[in-house]
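What follows is each chain in one-letter form.
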Amino acid sequence: MRRWLALILVFTFALVAPGTNPRAGEGQAAPEFTLRDIDNKPVSLKDMTGKVTLISFWATWCAPCQVEMPHLQKLYDTYKDKGFMLLMISADDARSVSRVKPLIKSKGYSFPVLLDTDTKVVSQYNPNKTLPYSELIGPDLKVLWQHQGYTAGDEVETERRVKAALDALAAATPPAVAPTATP
Amino acid sequence: MPPTPRAALVTAAQALLLGLGVFSSGLAAAGEGEERPEVSVSGQDDLEFRYWRDDRTLPDFPEEDHLFDYWELVNRVNVKLDRGPLQLGVQLDAVGMLGAYYYLNDVRVDEFDLHADGVTFPLPLAYANLDKAWLGYQGDSAQLLVGDGYIAFGRGLALSLVKNTNIDIDSSLRGAHAKVTLGAWDLTAVSGVTNAQQVWQDNPNKQQIRPDHWHMVSGLRIDRYGLGPLNLGAHSVVYSFADRADLDAQPWEGYGRGVDAAITGASVEAFGVAGLDLFAEGDLFLYPGGEVLGVEDNQPGYAVYGSAAAYPGRVALLVEGKHYKDVERVNAVVSRDLYEVAVGPTLEYERVITEDSGAAVNSNDISGVRLRADVAAKPGVLTPSLTLGLFRDRELGGLHFNRAPETIVHPIAGVDWIADSVHVLANAGFRVDKRDDLPGGVSLGADRMAHVDLSLGFPIGSAHGEIGGDLRYFMWGDNLNQQTDFTLLTANAAVHLGHGVSIVGYTDWTDDPLIDSVGNINENLYAAGELQLQPADGMTFKLFYGAYRAGIRCAGGQCRMLPGFDGARLSATINF
């Protein structure tokens, strides 16, 4: 009986202890990475310093990911000129990566798409590899928000989070000095 | 002398402490007065608490006792510490069984032995394991990692040790990983031993906790980017597999064994050449110690894979081709532990891979081509597609049902329609595996399969509904595992109520006479329900009750036979 009790305690601790942080991951440094995009250009997370960045992990075989993508494209179109960056990281491994760019082209998406073919980055951000998976990263490259999965309506909360982060970024950025009027 | 569990634990603890020491002092080189990066601690906890129903009974025991029912707790904790460019991570896996015993004449009888030979733990029906640990450095021109990491070269033909949690596979390469970037050159080097997970996260663990089998893997890849529109790459990988006689060997002893397989290959990639994106890879497989892999006369194998994509107007065209000969043998030893070290693109639609077609996926003698065309009829909203797969599988025996080479034809038509609150993802196809006639004109006929996949999403007032499912109908030719024609139906319906609350119903129906599970409603019908909750960001709970059928599932070119389930399950995923 004592063995059972010990076992239950171990599992309970494993479950409850992490739960003491209700704002999961907030304020933690986002792991740095460098990946190539579908046009072969290297992209690093540190290049996003000073921007509000939404990282979204997806795959060609993930149906909820396909349903979420049009909403993310709209988000990108709306805020990309306001300090927002969207990095769509494909978790397709080496065996299905050839399908990534044709899928993006066939839908007419224009957001940046990065390739994580050896699953290193997705393993860092979301070890159980549930897709889709999103993290909102602040201008200081710290995590602002995490979200697992996608169901219809989730895009509303995503946009609210992005807008709040952009508002905070705008408030923290000193206004540009207006050019002196010339006579 | 084999390591004792205590010695292994002490070694792991020492490695962890060493890592912590390096980690905490890693920035000591930073100059006085420089701001030190903060330490971030984050992680993820995955817990499953499963109740397995089992209707078996024993003579003289009342049936209502449910003697063989038991509870299984499975937990996986990932914790990582980030400090500037340094990262330290660990993954702890644990499993415990409750109620997995009964009393016979006042003597306790455990229903099964959780630990295979070579695995010990202080508790008889529990096991915990520091499954992964790593220390990493991410610099501008160098990425270094010591411990457990994931790696793939090219299209995975020579080396592909990546996470595949879709089918409960998490095998890493434990050793040293380095990637150095020098201008337009990338140099990647890895060396270590395979580290397969010991605790299954989704599958029953009874009688499955096996000792680690340390297979040595060393590889080197060089990439040259930006030669005009071209990228060039070359790689070599050597494997030395621990045969059953080596199971007690220490991890580093793999370096003293002979090489069982050596693979060398090269790839070329071109972007936007005449409007085409091109990729080609060729690999040569040598088996100098091939007897452990079942290779006669050490004959070599080879693989060629290529893809071409074009985007004329609103059309996206993708053509992939492959020719694999004696390449699957490199997985012969590790497949006994239910994972693979090198898998190339299959070109097959994996959701409809069956026990029969799964053998073709892993064939040692197969050629194939796959064409897919997607049309942006309404960009981002409406995308119809056509796919055609053509294969010639010449391998016989083994898992193959066929006694003669077969030609496989598999057309699929699909459509994606994604509007604001409504979506339809659907496809339908028909696969024919036509066998060559035997000498004398004896016809073996053809295996055929018709299939439909469907996913619908739609609003229900302020809530949102989803219906999904797939239907497959099998018609069998003349094969060694002759089966009657049968149907497989899987369906689900979900209501997402908002505020992170969802209710899902599942059902399976099949009259497959060879299936390894029984329905909970009747022999053919399975039903289940699930409540899903997301009470906070990064926190998901699921409560499942009911049953689902057994069957093969494939992901990333790897296939596993997954058992059915009948019982209850609470699962939680918590990020912190």
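Before reading further, recall that the structure is shown in the block above.
Computed from a predicted structure; not experimentally measured.

Here is what the cut-offs are and how they apply
- Residues numbered from 1 in each chain as written.
- Chains lettered and ligands numbered in written order.
- Predicted model: local features only at pLDDT ≥ 70, side-chain atom pairs only at ≥ 80, totals over all residues.
- Heavy atoms only, no water.
- Helix = DSSP H or I, 4+ residues; strand = E, 2+ residues; numbered from the N terminus.
- Buried < 20%, exposed > 50% of the residue type's maximum accessible area, 1.4 Å probe, protein only.
- Contact = heavy atoms within 4.5 Å.
- Areas by Shrake-Rupley, 256 points an atom, 1.4 Å probe, with all protein chains shown as cover.
- Disulfide = S-S within 2.5 Å.
- Pairing = 2+ DSSP bridges.
- Axes fitted to C-alpha atoms, helices over the stretch in contact; angles between N-to-C directions.
- Parallel < 35°, antiparallel > 145°, perpendicular 65-115°, else oblique.
- Left-handed = near helix turned anticlockwise from the far one by under 90°.
- Nonpolar A, V, L, I, M, F, W, Y, C, P; charged D, E, K, R; others polar.

J.: I would appreciate a short explanation of the overall build of chain B in the present structure.
T.: Tallying secondary structure elements over chain B gives 2 helices and 30 strands in all. Out of the 576 residues belonging to chain B, those deemed buried represent 50%. Across chain B, contacts joining residues at least 24 apart in sequence account for 58% of those joining residues at least 6 apart. For chain B, the accessible surface area stands at approximately 24,800 Å², while carbon and sulfur atoms represent 62% of it.

J.: Looking at this model, I keep getting lost on the state of the cysteines. Mind explaining?
T.: Simply put, disulfide is the name for a covalent bond between the sulfur atoms of two cysteines. Residues and elements named next belong to chain A. Taken as a whole and assessed by the stated rule, the structure comprises 1 disulfide over all chains. Two residues share a disulfide in this structure: C62 and C65, whose sulfurs sit 2.1 Å from each other. Its torsion about the S-S bond being 80°, the disulfide of C62 and C65 is classed as right-handed. We note that C62, like C65, is buried.

J.: Help me understand the sheet that holds strand β5 (residues 113-115) of chain A, please; the structure alone is not making it clear to me.
T.: Within a beta sheet, neighbouring strands are joined by backbone hydrogen bonds and run either parallel or antiparallel to one another. All names here are of chain A. If you trace the 7 strands from one edge of the open sheet to the other, you get β2-β1-β5-β4-β3-β6-β7, paired in mixed fashion. Looking at the sheet topology across the chains shown, the edges are occupied by β2 (42-44) and β7 (143-148). Put simply, the sheet's adjacent strands are angled 30° from each other on average, direction ignored. Relative to β2, strand β1 (residues 34-37) is paired through 3 bridges, and the arrangement is antiparallel. Residue pairing in the sheet places T34 in a bridge with S44 of β2. Sheet contacts for helix α5 (residues 154-172): β3 (52-58), β4 (84-90), β6 (133-137) and β7; angle to β7, the most-contacted strand, approximately 175°.

J.: Honestly, helix α3 (residues 100-107) of chain A in this entry has me stumped. Any pointers?
T.: Each α-helix turn comprises 3.6 residues. Residues three or four places apart therefore point the same way. Of all 8 residues in α3 of chain A, 7 are buried; the element is thus mostly enclosed. Looking one or two residues beyond α3 of chain A, the residue adopting positive phi is G108 of chain A, at roughly 75°.

J.: How should the packing of helix α2 (residues 63-79) of chain A against α5 of chain A be read in this particular structure?
T.: Each packed pair of helices is defined by two parameters, the angle between the axes and the distance between the axes. All names here are of chain A. Orientation of α2 relative to α5, taken along the N-to-C sense of each, is 20°, at an axis distance of 11 Å. The angle between α2 and α5 places the two elements in the roughly parallel class. Handedness of the α2/α5 crossing: right-handed. Contacts between α2 and α5 pair H71, L75 and Y79 from the former with E155, T158, E159, V162, K163 and L166 from the latter. For the contact of α2 with α5, the per-class residue count stands at 4 nonpolar, 2 polar and 3 charged.

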